[in-house]
Amino acid sequence: MLLSTLLKKLQNLQPDEAILFSDEAGIQLDPTIAAQWAPKGCQPQLFSDSTRERVNLCGIVDIDTMDARVQKIPKGNAESFIAFLQWVTDSYHKYSRIQLFVDNARWHKAQTVKKYLAHQETIVLNFFPSYSPELNPMEWEWHELRREATHTRRFQSSDECWQTIQYHFETRKGKNKA
């Protein structure tokens, strides 16, 4: 269903239309366990403060460039999502229509989000089928962020974590296009 909808949207895509895939993620300041190399007989140690502090993110993948962009958000809720939608609108101001594909997080369907969308003409939300992260390219970007930049790394502050995230996405620009 989603694939046929997406193909139809791609076939009818106007020059002033964008198709974006979006998702949210949280990156912990404490290291997370991941496979890593170590000499035989040496157990790698991960030091942790056992805090639950994290940097919350909302990101998009542009189907045209296949580049990802991220924004730091206070937390995953309707108000943060509306602020993110405004950022998307401002970032893609040259486009008359933005087809934004999102998962079924409850805040994507909140009444405040519906009211916001009803009073603007640019963004159209499209929902992935439930439990189908494999369809969302932004999920792969989160995977790569964690694998390349944040797993097994301890951040001293949320600013340090955010700078690492920004650097990661800046250095990936243009590398996703076939």
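Description of the structure in this document. A quick note: this is a predicted structure, and the numbers were derived from the prediction, not measured.

## Quick look at the nonpolar core
- In this structure, Val 88 and Val 113 are the most contacted members of the largest nonpolar core, which totals 24 residues.
- The dominant element in this core, judged by the number of residues it contributes, is helix α2 (residues 78–91), at 7 residues.
- Those residues in contact with Val 88, other than ones at most four positions away along the chain, are Leu 20, Ile 60, Ile 98 and Ile 123.
- Judged by nonpolar contacts, the second largest core, of 22 residues, contains Val 61, Phe 101, Trp 162 and Phe 169.

## Here's the deal with helix α3 (residues 111–118)
- When α3 is considered as a whole, its buried residues turn out to be Val 113, Tyr 116 and Leu 117. One face of α3 carries all of its buried residues, which in axial projection span an arc of 95°. For α3, the exposed residues lying more than 90 degrees away from the buried face are Gln 111, Lys 115 and Ala 118.
- Residues of α3 that are buried make contact with α2 and β5 (123–127).

## Focus on the pattern of salt bridges
- Applying the stated criterion across every chain, the model contains 6 salt bridges.
- Its salt-bridge partner being Glu 148, residue Arg 172 comes within 3.7 Å of it at the nearest N-O pair. Linking Arg 172 in helix α5 (residues 158–172) with Glu 148 in helix α4 (residues 137–150), this pair joins segments that are 24 residues apart in sequence.
- Taking relative accessible area as the criterion, Arg 172 reaches 11% and is therefore assigned buried.
- Judged by relative accessible area, Glu 148 falls into the partly exposed class, the value being 42%.
- In this structure, Arg 153 engages Glu 160 in a salt bridge whose closest nitrogen and oxygen atoms are separated by 3.2 Å.
- Look at the salt bridges and you will find they share partners, linking Glu 141, Glu 144, Arg 147, Glu 148 and Arg 172 into a network.

## Focus: the environment of Arg 153
- Tracing the backbone through its elements, the reader meets Arg 153 in the loop between α4 and α5.
- We classify Arg 153 as partly exposed; its relative accessible area is 31%.
- On a C-alpha basis, the gap between Arg 153 and Gln 28 in space is 9.5 Å, while along the polypeptide they are 125 residues apart.
- Among the polar contacts listed, one links the side chain of Arg 153 to the side chain of Glu 160, at a separation of 3.2 Å.
- Among the polar contacts made by the side chain of Arg 153, one reaches the side chain of Thr 164 at a distance of 3.3 Å.

## Some words on the layout of surface pockets
- Computed from the structure, the largest pocket encloses a volume of approximately 180 Å³.
- Along the walls of the largest pocket sit Asp 23, Asp 103, Asn 104, Ala 105, Phe 128, Pro 129, Ser 130, Tyr 131, Ser 132, Pro 133, Asn 136 and Glu 139, which together make up its complete lining.
- Counted by class, the lining of the largest pocket contains 5 nonpolar, 4 polar and 3 charged residues.
- For the second largest pocket, the calculated volume is near 150 Å³.

## Quick look at the packing of α2 against α3
- It is at 9 Å that the axes of α2 and α3 come closest, and there the two elements cross at 25°. The angle between α2 and α3 falls in the class roughly parallel. The element α2 and its partner α3 pack so that their crossing is right-handed. Residues Ala 78, Phe 81, Ile 82, Leu 85, Gln 86 and Thr 89 of α2 form the contact with α3, whose participating residues are Thr 112, Val 113, Tyr 116 and Leu 117.
- Class assignment for the residues of the contact of α2 with α3 results in 7 nonpolar, 3 polar and no charged.

## A few points about the environment of Trp 87
- Topologically, Trp 87 is positioned in helix α2.
- Measuring from C-alpha to C-alpha, the distance between Trp 87 and Gln 71 comes to 8.5 Å, with 16 residues separating the pair along the chain.
- Aside from chain neighbours lying at most four places away, what touches Trp 87 is Ile 60, Arg 69, Val 70 and Gln 71.
- Within the structure, Trp 87 has its side chain in polar contact with the side chain of Gln 71 (distance 3.3 Å).

Thresholds, definitions, all that
- Residues numbered from 1 in each chain as written.
- Predicted model: local features only at pLDDT ≥ 70, side-chain atom pairs only at ≥ 80, totals over all residues.
- Heavy atoms only, no water.
- Core = buried A, V, L, I, M, F, W, Y, C linked by side-chain atoms within 4.5 Å.
- Buried < 20%, exposed > 50% of the residue type's maximum accessible area, 1.4 Å probe, protein only.
- Helix = DSSP H or I, 4+ residues; strand = E, 2+ residues; numbered from the N terminus.
- Contact = heavy atoms within 4.5 Å.
- Arc of directions from axis to C-beta.
- Salt bridge = Lys/Arg side-chain N within 4 Å of Asp/Glu carboxyl O.
- Polar contact = N/O pair within 3.5 Å; in protein donor to acceptor, adjacent residues only side chain to side chain.
- 1 Å grid on protein atoms, 1.4 Å probe; cavity = no way out; pocket = protein on both sides within 12 Å on 5 of 7 lines; lining within 4 Å.
- Points joined across faces, edges and corners; volume = space filled by probe spheres on them.
- Nonpolar A, V, L, I, M, F, W, Y, C, P; charged D, E, K, R; others polar.
- Axes fitted to C-alpha atoms, helices over the stretch in contact; angles between N-to-C directions.
- Parallel < 35°, antiparallel > 145°, perpendicular 65-115°, else oblique.
- Left-handed = near helix turned anticlockwise from the far one by under 90°.

In short, the description is geometric, and any link to function would need to be established separately.
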